[in-house]
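The primary structure of each chain is shown beneath.
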Amino acid sequence: HLANLGQKWYNTIEMENTEFITSILHAISSLEAISIFAAGIIGYIGVSIMAYGAIKSAIHFILSTIRGNNHLPYIRIDLGKHLALGLEFLVGKDIIESIIHPSWDDLGKLAVIIALRIVITLMLSYELKEIGEEIDEERRRKAAMKKQKK
């Protein structure tokens, strides 16, 4: 009788462990699905930001050219900001994807992609700073010319 009680207790624990493990596996697969969905959304947001910036800048460039205005520095700043922000979203997407399915090959590719995107972002930031300085210099020159005319 004691052996039967022990066997029933063991079977109960075995069933509880199996149910527990099954619930953990369901939770993990749900988390993986949510992460894949989130990474996709983040990627689309990044691409959308860059596409929006490119279209907006192209329209402003065309209008500026037609009107004969020199708004190119402002257009470049606006485009650069959109590209930099979009790249940040894409890096976030890549990080989530590498966490979901890590492999040495994917991690190596991710490292190269992140390094390239960091270099591009730094170059964009540097160029945006230079353009900002050019705009400030142009404003100072115009202000000085107005003073000389008076």
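In what follows, the accompanying structure is described. Everything numeric in this text was worked out from a predicted model, so none of it was measured.

### Remarks on the nonpolar core
Logical step 1: Judged by nonpolar contacts, Met-50, Ala-84, Leu-87, Leu-90 and Leu-124 together constitute the single largest core of 5 residues.
Logical step 2: Take this core: its biggest share by element is 3 residues, from helix H2 (residues 72–100).
Logical step 3: For Leu-124, the contacting residues outside a window of four places in its chain are Gly-80, Leu-83, Ala-84 and Leu-87.

### Topic: helix H3 (residues 104–149)
For an α-helix, 3.6 residues make a turn, and residues three or four places apart therefore share a direction.
Logical step 1: With 46 residues, H3 extends 67 Å between its outermost C-alpha atoms, agreeing within 8% with the 68 Å of an ideal straight helix rising 1.5 Å per residue.
Logical step 2: Those residues of H3 that sit buried are Leu-110, Arg-117, Thr-121, Leu-124, Leu-128, Ile-131 and Ile-135.
Logical step 3: Elements in contact with the buried residues of H3: H2.

### Observations concerning the packing of H2 against H3
Logical step 1: Packing of H2 against H3 brings their axes to within 9 Å, and their N-to-C directions diverge by 160°. Considering their axes alone, H2 and H3 lie roughly antiparallel with respect to each other. Relative to H3, H2 is oriented so that their crossing is left-handed.
Logical step 2: Looking at the contact of H2 with H3, its residues break down into 18 nonpolar, 4 polar and 7 charged.

What counts and how
Residues numbered from 1 in each chain as written. Predicted model: local features only at pLDDT ≥ 70, side-chain atom pairs only at ≥ 80, totals over all residues. Heavy atoms only, no water. Core = buried A, V, L, I, M, F, W, Y, C linked by side-chain atoms within 4.5 Å. Buried < 20%, exposed > 50% of the residue type's maximum accessible area, 1.4 Å probe, protein only. Helix = DSSP H or I, 4+ residues; strand = E, 2+ residues; numbered from the N terminus. Contact = heavy atoms within 4.5 Å. Expected span 1.5 Å × (residues − 1). Axes fitted to C-alpha atoms, helices over the stretch in contact; angles between N-to-C directions. Parallel < 35°, antiparallel > 145°, perpendicular 65-115°, else oblique. Left-handed = near helix turned anticlockwise from the far one by under 90°. Nonpolar A, V, L, I, M, F, W, Y, C, P; charged D, E, K, R; others polar.

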